[in-house]
Amino acid sequence: MTPAVLAPTDRDARRAIPGGADEQSAARAPRRGRGRPPLLDGPERIEEFLAYVAAGWTVLDALGSMGLARSRTPVYTLRRQDPLFAVALADAQKKGRASRRQAQSGETQMDQHGTESSYKRRRCSCAPCRDAASRARQRRRQAAGADDTSKRSEK
């Protein structure tokens, strides 16, 4: 037997409003508790936050730039409660790490295989990286050899 769903009575409505206050005061936004950090409360704020993180900002710096409390707790709480936000945050953090790495490297091809910088900086020993490093080394030696021969001919 299924329980019957009863319509709320006037007494239930008064109980739902804290302290028996009127409906107008219940419609106001709830007050924040003392010391509680502001939350990412709307889709616009969440999109703005994710854009900062994807641009390479850390979670803490992104919250600070948005004027929110300097605490990561609300973000990680929201990540734990909302699986869609968790996926979006992970994607934004991945993009942010890549942009920070690219900005720090000074070279756009650092992470690409088949380049000399990948062989030297990342110590990648795959065949394309080794070949690229060998070709670059040969070019440098040829350029150095050409400089030596031009200096000898000048003497």
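Below is a short write-up of the structure. Since this is a predicted model, take the numbers as computed values, not measurements.

**Considerations on the packing of aromatic side chains**
Two aromatic rings, taken as a pair, are described by how far apart their centres are and by the angle between their planes.
Next, step 1: By the definition in use, this model includes two aromatic pairs.
Next, step 2: Ring geometry for Y52 against W57: centres 4.8 Å apart, planes inclined by 55 degrees, an arrangement best described as tilted.
Next, step 3: Look at Y52 and you get partly exposed, because its relative accessible area is 23%.
Next, step 4: Owing to a relative accessible area of 37%, W57 belongs among the partly exposed residues under this scheme.

**Digging into helix α5 (residues 73–81)**
Next, step 1: Within the span of α5, buried status applies to P74, V75 and L78. Along the axis of α5, the buried positions cluster into a sector of 100 degrees, meaning they face one direction only. The outward face of α5, more than 90 degrees from its buried face, is lined by the exposed residues T73 and R80.

Reading the values: rules and limits
- Residues numbered from 1 in each chain as written.
- Predicted model: local features only at pLDDT ≥ 70, side-chain atom pairs only at ≥ 80, totals over all residues.
- Heavy atoms only, no water.
- Phe/Tyr/Trp six-rings, centres within 6.5 Å; stacked < 30°, edge-to-face > 60°.
- Buried < 20%, exposed > 50% of the residue type's maximum accessible area, 1.4 Å probe, protein only.
- Helix = DSSP H or I, 4+ residues; strand = E, 2+ residues; numbered from the N terminus.
- Arc of directions from axis to C-beta.

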